[in-house]
Amino acid sequence: KSRQRPGGPEAGQPRGARLMASRNGLVRSRIARFRSLPPSDRTLFLIALLAIASVRVGLWLTSFRRVHRSLARIARPTGSPDPTPGEADRIGWAVGSAARFVPDATCLPQALAAEAILRRRGHPSDLRLGVSRGDDGVEAHAWVESYGRVIVGDGDLDRFEPLEASDPARSR
């Protein structure tokens, strides 16, 4: 008859082995969750993951202006002729979910990726940049609106003063 140690069956293992078992369980759980998604959501998640990672690398290597202009060129609409607001919400979900897997995927890379995906699929999108001045200095935030709703980057937006919008196609 086997005897369990206090703390569960893994308590007798070295700390590293317990940590590895925990990570393996987390990876299996995430893979299972991914596989349980409908195929359209899996595809959207992978598109968002690639878009955020690409934007993040672009922002490390070059300027915001250059990345934004490049995204405007490649985000020409190719989507369905009649995009729906529900699809825009799914894009927001995909970007938010995928951002957890990309280092330093703060509000700006998420907003740029969401704007590009939305436009590419034929949705209206408005990239918003805002600043807040407080006791701790200046804080910036980026978000995307579509169909009159915030799709990516919502939160306490009332405290941010929106900056003037610019069209990346005209920024040369």
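Since the model is a prediction, treat every value here as computed from it, not as a measurement.

Conventions adopted
- Residues numbered from 1 in each chain as written.
- Predicted model: local features only at pLDDT ≥ 70, side-chain atom pairs only at ≥ 80, totals over all residues.
- Heavy atoms only, no water.
- Helix = DSSP H or I, 4+ residues; strand = E, 2+ residues; numbered from the N terminus.
- Buried < 20%, exposed > 50% of the residue type's maximum accessible area, 1.4 Å probe, protein only.
- Contact = heavy atoms within 4.5 Å.
- Areas by Shrake-Rupley, 256 points an atom, 1.4 Å probe, with all protein chains shown as cover.
- Phe/Tyr/Trp six-rings, centres within 6.5 Å; stacked < 30°, edge-to-face > 60°.
- Lys NZ or Arg CZ within 6 Å of the ring centre and 35° of its normal.
- Patch = residues over 30% accessible without salt bridge, like charges linked within 9 Å, V, L, I, M, F, W, Y side chains within 5 Å.
- Salt bridge = Lys/Arg side-chain N within 4 Å of Asp/Glu carboxyl O.
- 1 Å grid on protein atoms, 1.4 Å probe; cavity = no way out; pocket = protein on both sides within 12 Å on 5 of 7 lines; lining within 4 Å.
- Points joined across faces, edges and corners; volume = space filled by probe spheres on them.
- Nonpolar A, V, L, I, M, F, W, Y, C, P; charged D, E, K, R; others polar.

Engineer: Can you walk me through the overall build of the protein in this structure?
Structural biologist: Counting its secondary structure elements, the protein contains 5 helices and 4 strands. Looking at the protein residue by residue over its 172 residues, the buried ones come to 31%. Here the analysis covers contacts within the protein between residues at least 6 apart in sequence; of these, 64% occur between residues at least 24 apart. Carbon and sulfur atoms form 52% of the exposed surface of the protein, whose accessible area is close to 11,300 Å².

Engineer: Would you take a moment to explain the packing of aromatic side chains for this structure?
Structural biologist: Geometrically, a pair of aromatic rings is defined through the distance of the ring centres and the angle of the planes. On inspection of all chains with the given rule, the structure shows 1 aromatic pair. Against the face of Trp 93 rests Arg 90, its NZ or CZ located 4.5 Å from the ring centre.

Engineer: Help me out: how do you make sense of a nonpolar patch on the surface in this one?
Structural biologist: Taken together, the side chains of Val 57, Trp 60 and Leu 61 make up a nonpolar region of the molecular surface, amounting to roughly 350 Å² of accessible area. Looking at the element boundaries, Leu 61 is found in helix α2 (residues 39-61). Overall, the relative accessible area of 70% leaves Leu 61 in the exposed class.

Engineer: Whenever I open this one, the environment of Ala 113 confuses me. Can you help?
Structural biologist: Mapping Ala 113 onto the fold places it in helix α5 (residues 107-120). Every residue in contact with Ala 113, bar those within four places of it in the chain, is listed here: Ala 51, Ile 52 and Val 55.

Engineer: How should I be thinking about the side chain of Arg 56 in this particular structure?
Structural biologist: One can find Arg 56 in helix α2. With near-sequence residues (within four places) excluded, Arg 56 lies in contact with Val 102, Pro 103, Asp 104, Ala 105 and Pro 109.

Engineer: Hey, could you run me through the layout of surface pockets in this one?
Structural biologist: Left-over empty space is what a probe sized like a water molecule reveals as it rolls over the atoms. For the largest pocket, the calculated volume is near 390 Å³. Along the walls of the largest pocket sit Arg 30, Ile 31, Arg 33, Phe 34, Leu 37, Phe 45, Leu 46, Leu 49, Trp 93, Ser 97, Arg 100 and Phe 101, which together make up its complete lining. Elements with a minimum of two residues in the lining of the largest pocket: α1 (15-36), α2 and α4 (85-99). Of the residues assigned to the lining of the largest pocket, the class counts are 8 nonpolar, 1 polar and 3 charged.

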